[in-house]
Amino acid sequence: MTTMEFVRIPRLTRFLDPRQNYGETTIESEIRLDPLTQFSGRIAHFAAGPRPVVDLDALNQASLVHGCPFCPEMVSRVTPKFVPDIAPEGRFSEGEALVFPNLSPYDAHSAVTVISRAHLMRTHDFTVAHWRNALIASANYFRAVNHVEQHIGYGLIAGNYMPMAGASLLHPHLQIYATDRPGNFLKAQIDAARHYHQATGDVFWAKLLQSEQEAGVRYLGRTGAVEWLVPFVPLSFIGDVEALFPERYSILDLTTDDLQDFAQGLVQVLRYMNDTNLYSFNIAFYPGQSVEDCTWVHARISFRGMINPVLNSPDVSAIRQLYDEPFTTVFPEEVAAELKPYFARA
Ligand SMILES: [Zn+2]
C-alpha cells in the first residue's frame, strides 16, 4: 500500500515594496511535484489582472477573409479523402462531425476532425452532441486504421480552440493521429505508471482517483462513468481540468457511452469558461497502447490566455518554452472550488 504523495515546496521572498512605501514585504510562491512523473511546476505570479473580453466577432471576420476550408460549402471540395481501405466513402461523418486526412500529417495515419458546421462556435454554443459526435467519428477512424494495420499504437486526439491555444483556423476542429511515438509527456507518464505498477501492484490512476475523492479538494465529480478532477500540477498558466476513464487503457476501449459521458462533462467545463471570460483552451487525450501500459485513458483541458492582453503577450514565455517548466497563476484548489458547482448534480 503506497500513499499518494503530493509534494509542495513553499518559497518566501522578502523585499522592500514600492507599493507599500518601501516597507518590507513577503511574497509566497510554491513549487509542486507531479505525483506520477515527479515533474515540477510553479505556482506564482498571483497578480494577474482581470481577464479581458475578447472580440470574437472581429476574429471571426478576419478569419473569413480568405474563406474557410472547414465550412460546409468548402469542406467537401478542398479537403483530402482517405484511401478506400481506410474509408470506402472517403471520409467519416457523425452528426455535424467530419473526419478527413490531414494535408500536413503528423504521422503515417493523421487526420482532422471538424466538430461543427458553424464556423464560429462560442464556448456556450457547443452541445454535448457536438463533442460526442466528433469523438465517435474520431474513434471510428482509429478503428479503421486498426483494422488495416492490425495495430494503431497510441490513438491521440488533440485540439487547439481559438488562436491563443495555437489554432491556425477558427473553425473548431481536432487533430487525431495514430502513432508508436506518444510524445515526451505521455511517454514519461506511461514509463512512470508502469514503474508504479511494478513497485506496488496498483494502477496509479485508480489510486489517484481514490486519493482525490477522499480528499475532495480537487475532485469535481463524475459524469456517467467519467471522473473529473483538477490536477495537482497544472500545465496552463490559469489551470487544467482532467477527465479519467476508469479501466479504459487504449483509445479503442472507449465506448459510445464513455464519449457521451465525457462530452457532458466537457460542456460543463465550457459553461464555466463562458462565465469566467476564458475563451481558449487546448485539449488532449492520453491513452496507452494496451492494458500493459498500466495507464487509464485520461484527457486534459488546459485553459489558455494572454499574460498581457494590451500587448497580445502569449502565455508561453521562456520558463515554459525553454526550461519546460509550467507555471500557474492560480492555485488549482481555487480553480476546483470554482468548477465544482458546474459538476453538482441537479
Ligand atoms: Zn469555417
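Anything mentioned here points back to the structure above.
Residues numbered from 1 in each chain as written. Predicted model: local features only at pLDDT ≥ 70, side-chain atom pairs only at ≥ 80, totals over all residues.

## A look at the overall build of the protein
In terms of regular secondary structure, the protein is built from 8 helices and 16 strands. Taken against the 2.2 N^0.38 rule, which gives 20 Å for 346 residues, the C-alpha radius of gyration of the protein at 21 Å falls within 12% of a compact globule. Each principal axis of the C-alpha distribution contributes one length, and for the protein these read about 70 × 55 × 45 Å. Buried positions account for 40% of the 346 residues belonging to the protein. Long-range pairs, those at least 24 residues apart, make up 67% of the contacts in the protein between residues at least 6 apart in sequence. (Helix = DSSP H or I, 4+ residues; strand = E, 2+ residues; numbered from the N terminus. Rg over C-alpha atoms; globule rule 2.2 N^0.38 Å. Buried ≥ 20, exposed ≤ 12 C-beta atoms within 10 Å, placed from the backbone. Contact = placed C-beta atoms within 7 Å.)

## Notes on the pairing of strand 10 (residues 226-229)
Alternating residues of strand 10 divide into Val226 and Trp228 and Glu227 and Leu229, and every residue in both groups is buried. Pairing analysis gives 4 bridges linking strand 9 (residues 219-223) to strand 10, with the strands arranged antiparallel. Bridging from a neighbouring strand, Gly221 pairs with Trp228 of strand 10. In this antiparallel pair of consecutive strands, strand 9 and strand 10, the connection spans 2 residues, and Gly224 shows a positive phi of 60°. Direction of pairing for strand 10 relative to strand 11 (residues 240-244): antiparallel, over a ladder of 3 bridges. Following the sheet pairing, Glu227 is matched in strand 11 by Leu244. (Pairing = 2+ DSSP bridges.)

## A short note on the nonpolar core
In this structure, Leu135, Tyr141, Phe262, Leu266, Phe285 and Val297 are the most contacted members of the largest nonpolar core, which totals 82 residues. No other element matches helix 3 (residues 128-149), which puts 10 residues into this core. In contact with Leu135, other than residues within four places in its own chain, are Leu259, Phe262 and Ala263. (Core = buried A, V, L, I, M, F, W, Y, C linked by C-beta atoms within 7 Å.)

## Comments concerning helix 4 (residues 184-200)
Taking 1.5 Å of rise per residue, the 17 residues of helix 4 would be expected to cover 24 Å, and the 24 Å separating its terminal C-alpha atoms lies within 8% of that figure. Looking at helix 4, one finds that the buried residues are Leu186, Gln189, Ile190, Ala193 and Tyr196. Buried residues in helix 4, looked at end-on, bunch into an arc of 125°, giving them a common side. Those residues of helix 4 that are exposed and angled more than 90 degrees off the buried face are Asn184, Lys187, Gln198 and Ala199. On its buried side, helix 4 packs onto strand 7 (154-161), helix 5 (204-215) and strand 12 (280-286). The positive-phi residue at the C-terminal boundary of helix 4 is Gly201, with phi of around 80°. (Expected span 1.5 Å × (residues − 1). Arc of directions from axis to C-beta.)

## With respect to the sheet that holds strand 7
Sheet architecture is open: 10 strands sit in the order 4-5-6-8-7-12-13-11-10-9, paired in antiparallel fashion. In this open sheet, the two edge strands, each paired with only one partner strand, are strand 4 (92-94) and strand 9. Across the sheet, the mean angle from the axis of one strand to that of its neighbour is 20°, orientation sign disregarded. Note that strand 7 and strand 12 share 4 bridges and pair antiparallel. Following the sheet pairing, Gly159 is matched in strand 12 by Ile283. (Axes fitted to C-alpha atoms, helices over the stretch in contact; angles between N-to-C directions.)

## Some remarks on the sheet that holds strand 2 (residues 23-33)
Across the sheet, 4 strands lie side by side as 1-2-3-16; this open sheet has mixed pairing. What marks the edges here is a single partner per strand, and that holds for strand 1 (7-17) and strand 16 (327-328). Taken together, the 11 bridges between strand 1 and strand 2 define a ladder with antiparallel strand orientation. Bridge pairing in strand 2 links Arg8 to Arg32.

## As for the pairing of strand 1
With 0 of its 11 residues buried, strand 1 lies for the most part at the surface. The loop that links strand 1 with its antiparallel partner strand 2 comprises 5 residues; one of these, Asn21, has a positive phi angle of about 55°.

## Some words on unusual backbone geometry
A positive phi angle, near 60°, is found at Tyr22, a position not held by glycine. Structurally, the position occupied by Tyr22 is in the loop between strand 1 and strand 2. Look at Tyr22 and you get exposed, because 10 C-beta atoms sit within 10 Å. At Met162, a position not held by glycine, the phi torsion is positive, near 80°. The topology assignment puts Met162 in the loop between strand 7 and strand 8 (173-179). Overall, Met162 belongs to the buried group, with 22 C-beta atoms counted inside 10 Å.

## Things to note about the environment of Asp202
For Asp202, the location among the structural elements is in the loop between helix 4 and helix 5. On the basis of neighbour count, Asp202 is assigned to the partly exposed category, with 14 C-beta atoms found within 10 Å. In this structure, the C-alpha to C-alpha distance between Asp202 and Leu12, residues 190 residues apart in sequence, is 37 Å. Residues in contact with Asp202, not counting those within four places in the same chain, are Tyr196, His197 and Lys207.

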